[in-house]
Amino acid sequence: MMMATNLVVYFSVSGTTKHAAETIAKLTGADIAELTPVEPYSREYDEVVARGQQEKDSKARPAVEPLSVNPNAYQTIYVGFPTWWGQPPMVIQTFFETSALKGKRIIPFTTSVTSTIADSWPMLQQLSQSAQATLEPGLTANSTTTIRQFIQ
Ligand SMILES: Cc1cc2nc3c(=O)[nH]c(=O)nc-3n(C[C@H](O)[C@H](O)[C@H](O)COP(=O)(O)O)c2cc1C
């Protein structure tokens, strides 16, 4: 079996980013891997908000389980996350800092209510620079139509 050269890595709490990630993987023929925190997030919205806020304020790096694939085997990595307070959740920082991403193309995507991928750009730029990865224009993946247009 030929290995895909693209990988979709995503973090999702309530399933919206998971759905977007699956759509991107299907349209691009990419492999897909979920970024899973060692300590799962609650299903209760208020608890997610409280934990997310605490992690953001303390600049936490929540531990994540090893990915089901080795990102090093791919050239292009789509990295997806829900926007939390106008930026990526801190597990995305964990991912960038604990993966060997040197020389990789990173295409970020986010789901949100109103925020766009541009809001997350400063943090993504900083993380990509530190990882010596190339940050490519990404997308706000709130609809299948937008995803289709981007992939075309
Ligand atoms: C802790 C928290 C913070 C959020 N902050 C924002 C925000 O700043 N901007 C926005 O548009 N949506 C915000 N949202 C909404 C989520 O980005 C949106 O519901 C997202 O699609 C959820 O993705 P998921 O189902 O993959 O977890 C926030 C949600 C949570 C739980």
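What counts, and where the lines are drawn
Residues numbered from 1 in each chain as written. Predicted model: local features only at pLDDT ≥ 70, side-chain atom pairs only at ≥ 80, totals over all residues. Core = buried A, V, L, I, M, F, W, Y, C linked by C-beta atoms within 7 Å. Buried ≥ 20, exposed ≤ 12 C-beta atoms within 10 Å, placed from the backbone. Helix = DSSP H or I, 4+ residues; strand = E, 2+ residues; numbered from the N terminus. Contact = placed C-beta atoms within 7 Å. UniProt positions renumbered as here; feature names shortened; annotations may be inferred. Axes fitted to C-alpha atoms, helices over the stretch in contact; angles between N-to-C directions. Left-handed = near helix turned anticlockwise from the far one by under 90°. Expected span 1.5 Å × (residues − 1). Arc of directions from axis to C-beta. pLDDT = per-residue confidence, 0-100. Near = placed C-beta within 6 Å. Nonpolar A, V, L, I, M, F, W, Y, C, P; charged D, E, K, R; others polar.

Trainee: Please explain the nonpolar core as it appears in this structure.
Mentor: Generally speaking, nonpolar side chains in soluble globular proteins are found buried as a group. Counting 35 residues, the largest nonpolar core has Val-8, Val-9, Ile-24, Tyr-78 and Phe-109 as its most contacted members. For this core, the secondary-structure elements that each account for two or more residues are β1 (6–10), α1 (16–28), β2 (31–34), β3 (76–82), α3 (90–98), β4 (105–111) and α4 (117–131). At five residues, α3 tops the list of elements feeding residues into this core. Apart from the residues lying within four places of it in its own chain, the contact partners of Ile-24 are Val-8, Ala-30, Tyr-78, Phe-109, Ile-147 and Ile-151.

Trainee: Sorry if this is basic, but what is going on with the UniProt feature "domain: Flavodoxin-like" (unreviewed entry) in the protein here?
Mentor: When the UniProt feature table is mapped onto this chain numbering, "domain: Flavodoxin-like" (unreviewed entry) sits at residues 6–152. End C-alpha to end C-alpha, residues 6–152 measures 15 Å, and it is 39% helix and 18% strand.

Trainee: Looking at this structure, how should I read the packing of α1 against helix α5 (residues 144–151)?
Mentor: It is the contact of α1 with α5, at a shortest axis distance of 10 Å, that shows an interaxial angle of 35 degrees. Classified by chirality, the crossing of α5 by α1 is right-handed. Contacts from Ala-20, Thr-23, Ile-24, Leu-27 and Thr-28 of α1 reach α5 at Thr-144, Ile-147, Arg-148 and Ile-151.

Trainee: Whenever I open this one, α1 confuses me. Can you help?
Mentor: Residues that lie three or four places apart on an α-helix share one face, since the helix turns once every 3.6 residues. Along its 13 residues, α1 runs 19 Å from first to last C-alpha, staying within 8% of the 18 Å computed at 1.5 Å per residue. Along α1, the positions that sit buried rather than exposed are Thr-17, Ala-20, Ala-21, Ile-24 and Ala-25. Each buried residue of α1 sits inside an arc of 135 degrees when the element is viewed along its axis, so together they form one side. Along its buried surface, α1 packs onto β1, β2, β3, β4 and α5.

Trainee: I would appreciate a short explanation of the confidence of the model for the protein in the present structure.
Mentor: In low-pLDDT segments, the atomic positions of the prediction should not be examined closely. Per-residue confidence for the protein gives a mean pLDDT of 96; residues scoring 70 or more make up 98%. In the predicted complex, the global pTM is 0.97; the interface-specific ipTM is 0.99.

Trainee: I'm lost on the site of the ligand in this one. Help?
Mentor: Taken together, 20 residues lie near the ligand, and Ser-12, Ser-14, Thr-17, Pro-82 and Ser-112 sit nearest. For the shell around the ligand, the elements supplying multiple residues, two or more each, are α1 and α2 (45–57). Here the residues of the shell around the ligand are counted per class, giving seven nonpolar, 12 polar and one charged.

Trainee: When you look at the environment of Trp-84 in this model, what are you seeing that I'm missing?
Mentor: On the secondary structure map, Trp-84 appears in the loop between β3 and α3. Judged by the 22 C-beta atoms lying within 10 Å of it, Trp-84 is buried. Residues Trp-84 and Arg-43 lie 41 residues apart in sequence; the distance between their C-alpha atoms is 16 Å. Here Trp-84 is in contact with Gly-52 and Pro-89, once residues within four sequence places are set aside.

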